[in-house]
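Geometric and topological summary
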Amino acid sequence: MMIERRAISALRVFLVVLFCVLLVFQFLSLPGTFRYMAEQNPNDAPLRWPATIIAGFWVLCVQVVIVATWQLLTRVKRDSIFSESSLRWVDVIVGAIGAGWLVLVAVDIVVLTQADDPGMPMLLLLLTTGATVFGLLVVVLRALLRQATALRTDLDSVI
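Below or above, wherever it landed, is the structure these notes cover. None of the values given here were measured: they were computed from a predicted structure. (Residues numbered from 1 in each chain as written. Predicted model: local features only at pLDDT ≥ 70, side-chain atom pairs only at ≥ 80, totals over all residues. Heavy atoms only, no water.)

For the rest of this paragraph, the subject is the packing of aromatic side chains. Describing an aromatic ring pair means giving the distance of the ring centres and the angle of the ring planes. Per the stated rule, a full pass over the model turns up 0 aromatic pairs. A cation over an aromatic ring shows up here: Arg12 above the ring of Trp70, its NZ or CZ 4.6 Å from the ring centre. (Phe/Tyr/Trp six-rings, centres within 6.5 Å; stacked < 30°, edge-to-face > 60°. Lys NZ or Arg CZ within 6 Å of the ring centre and 35° of its normal.)

Attention shifts here to unusual backbone geometry. Although it is not a glycine, Asp79 sits at a positive phi angle of roughly 60 degrees. With respect to the element layout, Asp79 can be found in the loop between helix 2 (48–77) and helix 3 (84–114). (Helix = DSSP H or I, 4+ residues; strand = E, 2+ residues; numbered from the N terminus.)

Let us now look at the state of the cysteines. Evaluation of the coordinates by the stated rule reveals 0 disulfides. Not engaged in a disulfide, the cysteine Cys20 finds its nearest cysteine sulfur in Cys61; these two sulfurs lie 19 Å apart. Residue Cys20 is classed as partly exposed on the basis of its relative accessible area of 42%. (Disulfide = S-S within 2.5 Å. Buried < 20%, exposed > 50% of the residue type's maximum accessible area, 1.4 Å probe, protein only.)

Time to look at the side chain of Ser86. Take Ser86: it is sitting in helix 3. The class of Ser86 is buried, set by a relative accessible area of 0%. Within the structure, Ser86 has its side chain in polar contact with the backbone oxygen of Ile81 (distance 2.7 Å). In this structure Ser86 touches Leu72, Arg75, Ser80, Ile81 and Leu145, once residues within four positions along its chain are discounted. (Polar contact = N/O pair within 3.5 Å; in protein donor to acceptor, adjacent residues only side chain to side chain. Contact = heavy atoms within 4.5 Å.)

Right, let's talk about the environment of Ala55 for a bit. Among the secondary structure elements, Ala55 is positioned in helix 2. Owing to a relative accessible area of 10%, Ala55 belongs among the buried residues under this scheme. Filtering out sequence-adjacent residues up to four positions away, Ala55 remains in contact with Leu30 and Phe34.

Here we take up the pattern of salt bridges. Applying the stated criterion across every chain, the model contains 3 salt bridges. Taking the shortest distance from any N to any O, the salt bridge between Asp79 and Arg152 comes out at 3.5 Å. Of the two residues, Asp79 is situated in the loop between helix 2 and helix 3 and Arg152 in helix 4 (residues 119–158); the sequence distance between them amounts to 73 residues. (Salt bridge = Lys/Arg side-chain N within 4 Å of Asp/Glu carboxyl O.)

Below, the discussion takes up the layout of surface pockets. If you add up the space inside the largest pocket, you get close to 1200 Å³. If you go around the largest pocket, you meet 36 residues; those closest to its centre are Ile54, Trp58, Val107, Val111 and Leu124. At the level of elements, helix 1 (2–40), helix 2, helix 3 and helix 4 are the ones that each hand at least two residues to the lining of the largest pocket. Sorting elements by how many residues they give to the lining of the largest pocket places helix 2 first, with 10 residues. (1 Å grid on protein atoms, 1.4 Å probe; cavity = no way out; pocket = protein on both sides within 12 Å on 5 of 7 lines; lining within 4 Å. Points joined across faces, edges and corners; volume = space filled by probe spheres on them.)

To continue, consider the nonpolar core. With 12 residues, the main nonpolar core is built from Cys61, Val65, Ala68, Leu72, Ile81, Leu87, Val90, Ile93, Ala96, Ile97, Val138 and Leu145. Those elements that provide at least two residues to this core are helix 2, helix 3 and helix 4. Sorting elements by how many residues they give to this core places helix 3 first, with 5 residues. In contact with Cys61, not counting residues within four places along its chain, are Ala96, Ala99 and Gly100. In this structure, Ile8, Leu22, Phe34 and Ala55 belong to the second largest nonpolar core, which totals 9 residues. (Core = buried A, V, L, I, M, F, W, Y, C linked by side-chain atoms within 4.5 Å.)

Together, Val13, Phe14, Val17, Val21 and Phe25 give the surface a local cluster of nonpolar side chains, amounting to about 460 Å² of exposed area. Inspection of the secondary structure puts Val17 in helix 1. (Patch = residues over 30% accessible without salt bridge, like charges linked within 9 Å, V, L, I, M, F, W, Y side chains within 5 Å. Areas by Shrake-Rupley, 256 points an atom, 1.4 Å probe, with all protein chains shown as cover.)

In this section: the packing of helix 2 against helix 3. Orientation of helix 2 relative to helix 3, taken along the N-to-C sense of each, is 165 degrees, at an axis distance of 9 Å. Between helix 2 and helix 3, the angle falls in the class roughly antiparallel. The crossing of helix 2 and helix 3 is left-handed. (Axes fitted to C-alpha atoms, helices over the stretch in contact; angles between N-to-C directions. Parallel < 35°, antiparallel > 145°, perpendicular 65-115°, else oblique. Left-handed = near helix turned anticlockwise from the far one by under 90°.)

Written out as structure tokens, the structure reads:
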């Protein structure tokens, strides 16, 4: 139990750090990078705002996953992870991953129809495959949590 508490505490610290770094990226780094790219190459200027919005949206999806993970960690710490409210937070994670994945697939389609170099499509294929695997893994873990919640409820009613 002591290792679990330390792991939860450490994870919370790193979640806060990650959330803060993502805020810097979302509001400073990414907009600044796309502005700089548009200034350096006027041909990229029309892509500045769509790229900024899409990248900001992906960061927002990760932030939603962080908040939901925080909530789940709170339930683990209170020993109430096996509840319907936990499943709702996992649904939030699945929704954020799904929304990010849909936008990624849309970006894939746009890039694949206009690409003249295989580098970017291959990178996007890697990212899309990784996001798909991660999303499906969370769906499977959600099913496991649902089963464990049902078993816990049955066990509590027997006792």
